[in-house]
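Remarks on the overall topology
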Amino acid sequence: MGGGATRLYNTLTQTFSGSSSPLSIPPSYLSPHQPTLTNLDSDFCLQKSSPICPLDPVELLQQCEEALRDRPPHLHRNFVYINNGDDVASIPIRVMQWNILAQALGVGVDNFVRCPLEALSWSRRRSLILEEILAYRPHILCLQEVDHYYDTFQPVLANLGYSSHFCPKPWSPCLDVEGNSGPDGCALFFDESRFELLDSVNIRLSAMMIPTNQVAVVTTLRCRSSGRYVCIAATHLKARSGWEWFRSAQGSDLLWHLQNLVQKLGGGNSNVKVPLLICGDFNAVPSEEVYRRFASSPLGLDSAYKKLSQDGVSEPEYTTWKIRGTGECCCTLDYIWYTKDTLRVDAVLDIPDEEQIGPNRLPSYSYPSDHLSLVCDFSFREKE
């Protein structure tokens, strides 16, 4: 391990020594192939001294960049600022949505034929994922395909000031991969300096009343500066062509849960508008029924990334671009939905072009996932 990487991981190991109690890993998630409390990520367990709590995000970002100094140029992305036609001063809420690619799936079954195996190593991908998060420092972070929650993301991000909730898939395909680190699932993180936790629930999505393998984390927060409530959902719907009806049913189930929650938060008064964000890998292109269900929902939802288009109604050309053994896939599957009556989009992170992504597509030496992160700045609309 090079000097930069060693310094990075020595810093990260201090997240464990600064804790007064061991990480709480539900026994049902453990197997002979999964990490235990005494078998955490070895790169994080090099030193057990001089706890730093919290970690300095700027210094950690610099160490990530130093550890990755031999990689190709980082994808260059800019924020596009939206002219909303008003001058109401507000503090933006930054939201990141990202399917980070489960490590077990990336090296085990996803068959990215144009991605070198070295680029899929966990030591490299971990640094790239952390770098991406640290570069944008979201206040709310929604992740899918998280299979290193307990040994990596929960402890590291906790020491950066994030609280979080994780919901594993009931039958995660990661568990079928030799040497896996546990089940993958959805994780939702929030900046404790900006938000206070009110409630969080894990939902196993159903299709036609039948429980499925897909899940959602739904968290309700109170903004510390404004006192406003905001409800956030992170989800990951069923993949693969031919399952469109299934995704539509899962989406309907999630909308049903969210409608009930919003009604409860509003005290049963339909005139009380509760800000809502729904982030996820929907595995659905915009022409699918599940997309139309969200777009026409009585919750009053809109898709934030439509703000990048000239007409304001078109999604980006792609949020994922990969080459597997079965062929090339370039399409939009990931979304940040928001309630347009209560939230305003102030800025959207643009999508890198084909030249930046490169001929071998994603993942790559410069980017750790086959999905691009989506990042938006929101602000609360004034109450009527």
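Look up a bit, the structure's there.
Reference entry: report on the structure contained in this document. Small disclaimer: the values here were computed from a predicted structure and weren't measured.

For the rest of this paragraph, the subject is the sheet that holds strand β10 (residues 301-303). Taken in spatial order, the 6 strands of this open sheet run β6-β7-β8-β9-β13-β10, and their pairing is mixed. The outermost strands of the open sheet, each flanked by one partner alone, are β6 (195-207) and β10. Here the average twist between neighbouring strands, direction ignored, is 20 degrees. Pairing analysis gives 5 bridges linking strand β9 (residues 276-281) to strand β13 (residues 334-339), with the strands arranged antiparallel. Looking at β13, one finds that Ile278 is bridged to Trp337. Along the sheet, helix α6 (residues 244-265) contacts β6, β7 (210-223), β8 (229-236), β9 and β10; its crossing angle with β6, the most-contacted strand, is approximately 145 degrees.

What follows is about the pairing of strand β5 (residues 185-191). The buried count for β5 comes to 7 of 7 residues, which makes it a mostly enclosed element. The sheet contact formed by strand β3 (residues 140-146) and β5 spans 5 bridges and is antiparallel. Opposite Leu143, over in β5, you have Ala187 as the bridge partner. Two strands pair when backbone bridges link them, and strand β4 (residues 162-168) and β5 are joined in this way by 7 bridges, in the antiparallel orientation.

A word on the nonpolar core. By size, the foremost hydrophobic cluster in this structure holds 68 residues, and its most contacted members are Phe153, Phe189, Leu277, Ile336 and Phe378. A total of 6 residues in this core trace back to one element, the largest contributor, which is helix α4 (residues 122-136). If you look at the next biggest cluster of nonpolar residues, it comprises 24 residues, including Leu254, Leu258, Phe282 and Leu301.

All right, on to α4 then. Side chains that are three or four residues apart share a direction in an α-helix, a result of its 3.6 residues per turn. Helix length check: α4, at 15 residues, gives a terminal C-alpha distance of 21 Å against a target of 21 Å (1.5 Å per residue), a fit within 8%. Summarising burial for α4: 13 of the 15 residues are buried, a large majority. Trailing α4 by a residue or two, Arg137 shows a phi angle of about 40 degrees, which is positive.

Here the focus is the pairing of β13. Counting buried positions over the 6 residues of β13 gives 6, a clear majority of the element. Because side chains alternate across β13, one face comprises the buried residues Asp334, Ile336 and Tyr338, and the other comprises Tyr335, Trp337 and Thr339, equally buried. Of the strand pairs in this sheet, β10 and β13 are connected by 3 bridges, and their pairing is antiparallel. Residue pairing in the sheet places Leu301 in a bridge with Thr339 of β13.

It is worth spelling out helix α2 (residues 57-67) at this point. Among all positions of α2, only Leu60, Leu61, Gln63 and Cys64 are buried. Projected down its long axis, α2 carries its buried residues within an arc of 160 degrees, all on one side. By the N-cap criterion, in which a side-chain oxygen at the helix start approaches the backbone nitrogen of a residue two or three places on, α2 is capped by Asp56, the distance to Val58 being 3.2 Å.

Once that is clear, we can look at the side chain of Asp110. Following the sequence through the fold, Asp110 ends up in the loop between α3 (103-108) and α4. Since its relative accessible area comes to 9%, Asp110 is described here as buried. Ignoring anything within four residues of it in the chain, the contact list for Asp110 reads Leu101, Leu105 and Arg324.

So, about the sheet that holds strand β14 (residues 343-349). The pairing of strands in a sheet comes from backbone hydrogen bonds and takes either a parallel or an antiparallel form. With mixed pairing, the 7 strands of this open sheet are ordered in space as β1-β14-β15-β2-β3-β5-β4. Every interior strand has two partners, whereas the edge strands, β1 (79-81) and β4, have only one. Mean inter-strand twist for the sheet, computed between neighbouring axes without regard to direction, equals 25 degrees. One ladder, built from 5 bridges, connects β14 with strand β15 (residues 374-380); its direction is antiparallel. Bridge pairing in β15 links Leu343 to Phe380. Contacting β3, β4 and β5, helix α5 (residues 149-158) crosses the sheet at an angle of about 160 degrees to β4.

By the definition in use, this model includes 15 salt bridges. The partner of Asp370 in a salt bridge is Lys322, and the shortest N-O contact between them spans 2.8 Å. One end of the pair, Asp370, is in the loop between α8 (354-357) and β15; the other, Lys322, is in strand β11 (residues 320-324), and 48 residues separate them in sequence. Of the residues examined, Lys322 reaches a relative accessible area of 5% and is grouped as buried. Across the salt bridge formed by Arg344 and Asp346, the nearest N and O atoms sit 3.0 Å from each other. The two residues Arg344 and Asp346 agree in class, both being buried. The network of salt bridges with common partners includes Glu244, Arg247 and Glu288.

Reading the values: rules and limits
Residues numbered from 1 in each chain as written. Predicted model: local features only at pLDDT ≥ 70, side-chain atom pairs only at ≥ 80, totals over all residues. Heavy atoms only, no water. Pairing = 2+ DSSP bridges. Helix = DSSP H or I, 4+ residues; strand = E, 2+ residues; numbered from the N terminus. Axes fitted to C-alpha atoms, helices over the stretch in contact; angles between N-to-C directions. Contact = heavy atoms within 4.5 Å. Buried < 20%, exposed > 50% of the residue type's maximum accessible area, 1.4 Å probe, protein only. Core = buried A, V, L, I, M, F, W, Y, C linked by side-chain atoms within 4.5 Å. Expected span 1.5 Å × (residues − 1). Arc of directions from axis to C-beta. Polar contact = N/O pair within 3.5 Å; in protein donor to acceptor, adjacent residues only side chain to side chain. Salt bridge = Lys/Arg side-chain N within 4 Å of Asp/Glu carboxyl O.

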